[in-house]
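# Overview (structure and organization)
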Amino acid sequence: MELLPVEQDPFNAETPLAALDAAVTPNDLFYVRNHFAVPSAQEALWRLQVAGDTRQELSLDDLKRFPFEEVAVTLECAGNGRELMDPTPEGTPWRWGAVATARFGGTPLSDLLTSVGVPGDGVEVVATGADSGEVDGSIEQYSFSVPLDIAMSDGAIVAWRMNGDPLPPDHGFPLRLVVGGSYGMASVKWLTSLAITAKPFAGHFVGRYRYEDDSAGRSGPVGPILVRSLMARPAEGDRVSGEVELTGSAWSGLGAIVSVEVSTDGGDSWAEAELQEAESRYAATIWTFRWSAPGPGSYELVCRATDAAGNTQPALSTWNSLGYGNNHYHSVSVEVTD
Ligand SMILES: Nc1nc2c(c(=O)[nH]1)N[C@H]1C(S)=C(S)[C@@H](COP(=O)(O)O)O[C@H]1N2
Ligand SMILES: [Mo]
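Residues numbered from 1 in each chain as written. Chains lettered and ligands numbered in written order. Predicted model: local features only at pLDDT ≥ 70, side-chain atom pairs only at ≥ 80, totals over all residues. Heavy atoms only, no water.

With that settled, the discussion passes to the pattern of salt bridges. What the rule picks out here adds up to ten salt bridges. Here Arg233 ties to Asp21 by a salt bridge, and the two come within 2.6 Å at their closest N and O atoms. With a gap of 212 residues between them, Arg233 in strand E16 (residues 228-233) and Asp21 in the loop between strand E2 (12-14) and strand E3 (32-33) connect regions that are remote in the sequence. Given a relative accessible area of 29%, Asp21 falls into the partly exposed group. Where Glu245 meets Arg233, a salt bridge forms, and the shortest distance between an N and an O atom there is 3.3 Å. Of this pair, Glu245 sits in strand E18 (residues 243-251) while Arg233 sits in strand E16, and the two are twelve residues apart along the sequence. For Arg233, a relative accessible area of 34% corresponds to the partly exposed category. What you see here is one network of salt bridges that share partners, running through Asp21, Arg233, Glu245 and Arg290. (Salt bridge = Lys/Arg side-chain N within 4 Å of Asp/Glu carboxyl O. Helix = DSSP H or I, 4+ residues; strand = E, 2+ residues; numbered from the N terminus. Buried < 20%, exposed > 50% of the residue type's maximum accessible area, 1.4 Å probe, protein only.)

Let's shift gears to the domain arrangement of the protein chain. Each domain of the protein chain was delimited in the assignment, giving domain 1 (4-221) and domain 2 (228-336). Summarising the inter-unit geometry, the C-alpha centres of domain 1 and domain 2 are found 27 Å apart. When the buried surface of domain 1 facing domain 2 is broken down by residue, Leu20, Asp21 and Met85 rank first, second and third, together holding 16% of it. Here domain 1 is connected to domain 2 by four salt bridges. Among the salt bridges present, the one from Arg281 reaches Asp154, with a minimum N-O distance of 3.2 Å. Where domain 1 meets domain 2, there are 21 residue pairs in polar contact (both at pLDDT 80 or more). Where the side of domain 1 that touches domain 2 is concerned, the elements lending two or more residues are strand E6 (69-76), strand E7 (99-108) and strand E14 (210-211). (Domains from an automatic or database assignment. Buried area = accessible area lost by both parts, 1.4 Å probe. Polar contact = N/O pair within 3.5 Å; in protein donor to acceptor, adjacent residues only side chain to side chain.)

Laid out in structure tokens, this is it:
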């Protein structure tokens, strides 16, 4: 299996659907979403500025003296599924694969923030990366903000390890932020600074990741990952027969996955899939369903998930002008042979 390239410069690529049958995605199959070229980085020279009541400049060695934790987190790009909307909005043409899960290792963001002092009037943490480039005629540094309560939660980690290895260059070497439960744009790669602010941050990218003209009535900033499930197997167009195992991933930024339902008749009837236990509350749940394939013919297999907050997926794609948060049912057509 290989990453499926979407753009070469900057490099953007999807995780193949077939890799979503496992709780953790190998690093070389983890989707890549880069706005700009990967910045060059030397671990020994890397410094992280942290500003709250006081300021600190930390090297990687300094960071490694903070408590170490490993948390499995599913990252999904807010634009995942954009290409499936009709009409297709402008933007990187993601289909299903801008999602993957890794065990990220590093120090809880809350520990770092506490060490500089969290101001009483703090509302957000602004995270900045080392990459920059031209957008709409001006040079922008990649920066994004996270609400303070999310920044202080156990799902926010300043990470230097990914599945037990150093972060690969495309995933933020040597240091990145990982914000479990939030769409990927908040998980700032090549992290150089963290600052607690008393006002909501008005940076370019924060202004861009918004629901606008949304067919489901959503508006405002794109935030928590919406509930979604995808089928890893079988794949579109597969020929199957006999006892067939359907399997895939399901996740939500708003609560644990409590149910995945599967339809083998295009959505007319549904049955419950079996769920594995997720590695953390920020990580995808693997689901499986055994199907005794009936007589030969074409079948449309569909999956849909529900989370603990009662959110479920819409049957049809929801549209908005920037193409965010499309979480409609995933359908896969297969051919049953004798
Ligand atoms: N510095 C920096 N951080 C970034 C980005 C970026 O372009 N630059 N892209 C963001 C977006 S939109 C997503 S979806 C995730 C993707 O992380 P990945 O490439 O490790 O999958 O990184 C986020 N962090
Ligand atoms: Mo993204």
